[in-house]
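In case you want the letters, here they are:
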Amino acid sequence: MNNANVVIVGAGHAGVQTAASLREMGHDGRILLIGDEPDRPYHRPPLSKSFIASPDADLDPLRSEEFFANNDIDLRLGVRARNLDPSTQRLDLDSGEKVHFDHLILALGSRNRTVPIEGAALDGVAGLRTAQDARSVRERLGNAQHVVVIGGGFIGMEFAAAAAAMGRTVTIFEAAPRTMARAVSPDTSAYLEGTHTAEGVSIQSGATVARIEGLGGAVSAVITGDDRHIPADLVLVGVGALPNTALAESAGIATGAQGSDGILVDDHLRTNHTAISAIGDCARFPAGPTFRRLESVQNAVDQARCVAARITGSPEPYQRVPWFWSHQGKVKLQIAGLAAGVDRSVVRGDLSSGRFSIFGYRGADLVTVESINKPGDHMAARRILESRGSLLPEQAANPEFSLKEVGPATTHSSAR
Ligand SMILES: Cc1cc2nc3c(=O)[nH]c(=O)nc-3n(C[C@H](O)[C@H](O)[C@H](O)COP(=O)(O)OP(=O)(O)OC[C@H]3O[C@@H](n4cnc5c(N)ncnc54)[C@H](O)[C@@H]3O)c2cc1C
């Protein structure tokens, strides 16, 4: 049905890509794209990197101003979808408008987890997700001297690097024994921690913040679990994200446990209501014998293309190898695949050179490659993982062995 009425909720990476891909793939029907943020759709990754580091940086738009009008995409900004009725295929907007859909795409993204500790609501304690968040954190950072980051994940580490480069005193508190533990190998964590420490960041792993103290309503210090007093005039909370599922849940659409795991979809990214799909950060999709939810631009964009292809008559199951990137000061980290279940790692290159890759195996299967300042290895790794290429650990570890030579495997022992 190429003239179907498509409504997309969420004008972030996934929502905008869905609209663009629908038009590229020949969709003739109406496209209504609804986003609750006031800003024209923008790239989110720079918010914890270049945007925060420069007082004059502008948002990086996902598409030009003319793109939406030129492609007949009805973009509504600052409008929230507040109620969904799957049986009548109707959506209520907070503007009072009611819209009918043939296909509804939920591209709702995720929201920051908060820390349930005393003082978390003080002025100067902030998360970083939207352009609004980033503007207010940037302004605060301009006048701050002592910055505390709670959580040594992607956003916390990126923000810490930017703040340290601006001459701020930065301390990261990470409850786990090492930073970025869920996403990267111990070697990569150690390398990143080394580069941050060299830039003056204090990394306190295995340490918690028990409460936050304020003066006149504004943050003044954090008190650690072992009762240390750390001065702070800005506290950045980067303890992960939760998928936005409330709109789906209240409409009876299946989600994981209490919605915290995301909106459940099948391998074609359809929810349990076939006219309604979910993609990007908010979706929990099948991956081999299990389900997973990912927070990355690649996942949002590729899932958008997958849904657009189905709506325009070329359905294919969603099966892409995930990849990610993170810029932390001078370090460019790129990851292909997922680190879960890795039982053997080999290093290609020299850890001390600041240019190397770590190849992670589960049994005989290569499942992930982390590249530090080695974009060529990353691109090769994506190709090898996509084609299920056969690369032995000793070949991976040998810098003389060309990754370009790796061809598809003839057999494979387990699903990725
Ligand atoms: C600071 C930061 C840095 C990041 N850096 C990287 C990086 O370096 N590399 C990488 O791969 N990924 C990065 N990510 C993750 C990446 O940005 C997300 O995975 C990606 O934005 C997901 O796209 P999405 O469209 O699913 O969600 P989003 O881009 O979050 O868009 C969802 C939109 O839906 C809106 N919305 C929600 N509910 C409603 C409603 N009811 N009505 C209307 N609108 C609604 C939200 O407000 C939001 O605008 C970063 C994220 C953040 C926050």
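The rules behind each value
Position labels on residues start from 1 in each chain and follow its written sequence. Since the coordinates come from a predicted model, pLDDT governs what is reported: local features require at least 70, and pairs of side-chain atoms require 80 or more to be given and counted, while whole-chain, interface and lining totals use all residues. The side-chain numbers reported here are obtained from all heavy atoms of the structure, hydrogens and water having been left aside. UniProt positions are given in the numbering used here, feature names are shortened, and annotations may be inferred rather than shown by experiment. Buried residues are those whose accessible area, probed at 1.4 Å on protein chains only, stays under 20% of the maximum for their type, while exposed residues exceed 50% and partly exposed ones sit between those limits. Numbered from the N terminus, helices here are DSSP runs of H or I no shorter than four residues, and strands are runs of E no shorter than two. A pair of strands is labelled paired if DSSP reports no fewer than 2 bridges between them. The contact criterion used throughout is that any non-hydrogen atoms of two residues lie within 4.5 Å. N or O atoms within 3.5 Å of each other form a polar contact, as long as, within protein, one can give a hydrogen and the other can take it, and as long as residues adjacent in sequence are counted only when both atoms are side-chain atoms. The split into domains, and so the bounds of each, comes from an automatic or database assignment of domains. For the purposes of this analysis, a disulfide is any pair of cysteine sulfur atoms at a distance within 2.5 Å. Nonpolar cores were defined as sets of buried Ala, Val, Leu, Ile, Met, Phe, Trp, Tyr and Cys residues, with membership established by side-chain atoms within 4.5 Å. To estimate how far a helix should reach, multiply one less than its number of residues by 1.5 Å.

The name an unreviewed UniProt entry gives the chain is FAD-dependent oxidoreductase, with Rhodococcus jostii as the organism. UniProt lists a comment for the chain under the heading Cofactor (unreviewed entry), and it reads "FAD".

(A) Up close: the pairing of strand β16 (residues 234-237). Residue alternation in β16 divides its side chains into two sets, Leu234 and Leu236 and Val235 and Val237, and both sets are buried. In the sheet, strand β10 (residues 146-150) pairs with β16 via four bridges, with the strands oriented parallel. The residue of β16 that forms the bridge with Val148 is Val235.

(B) Summary view of the environment of Arg320. Along the chain, Arg320 turns up in the loop between α8 (297-311) and β22 (323-328). Once residues within four sequence positions are removed from consideration, Arg320 is found in contact with Gln298, Asp302 and Glu386. Here the side chain of Arg320 touches Glu386 through a polar contact of 3.3 Å, side chain to side chain.

(C) Examining the domain arrangement of the chain more closely. Taken as a whole, the chain is organised into domain 1 (6-111 + 241-311), domain 2 (114-237) and domain 3 (330-405). For domain 1 and domain 3, the distance between their C-alpha centroids amounts to 32 Å.

(D) Structural context of the state of the cysteines. Scanning all chains against the criterion turns up zero disulfides. We note that Cys306 lacks a disulfide partner, and the nearest cysteine sulfur, in Cys282, lies 14 Å from it. With relative accessibility at 11%, the residue Cys306 sits in the buried group.

(E) Representation of unusual backbone geometry in the model. Of note, the phi angle at Gln89 is positive, near 55°, even though the residue is not glycine. Tracing the backbone through its elements, the reader meets Gln89 in the loop between β4 (81-85) and β5 (90-93). With a relative accessible area of 21%, Gln89 lands in the partly exposed category. One non-glycine residue with positive phi stands out, namely Met180, at about 50°. Examined against the element boundaries, Met180 turns out to sit in the loop between β11 (169-174) and α6 (186-198).

(F) Here's a closer look at the nonpolar core. In terms of nonpolar packing, the biggest core is built from 89 residues, with Leu84, Leu91, Leu104, Leu106 and Phe159 touching the most fellow members. Leu106 has contacts with Val9, Leu247, Ala248, Ile253, Ile263, Ile276, Ser277, Ala278, Ile279 and Cys282, leaving out every residue within four places of it along the chain. In this structure, Val346, Phe359, Ala396 and Phe401 belong to the second largest nonpolar core, which totals 16 residues.

(G) Region of interest: helix α1 (residues 13-24). Taking 1.5 Å as the rise per residue, α1 with 12 residues should run 16 Å; its terminal C-alpha atoms sit 16 Å apart, in good agreement. Of all 12 residues that make up α1, 11 are buried, and the element is covered over most of its length. For α1, the set of buried residues is His13, Ala14, Gly15, Val16, Gln17, Thr18, Ala19, Ala20, Ser21, Leu22 and Arg23. For α1, the secondary structure elements touched by its buried residues are β1 (6-9), β2 (31-35), α3 (65-70), β3 (73-77), β7 (103-106) and α8. Taken from the residues just after α1, Gly26 is the one with a positive phi, measuring 95°.

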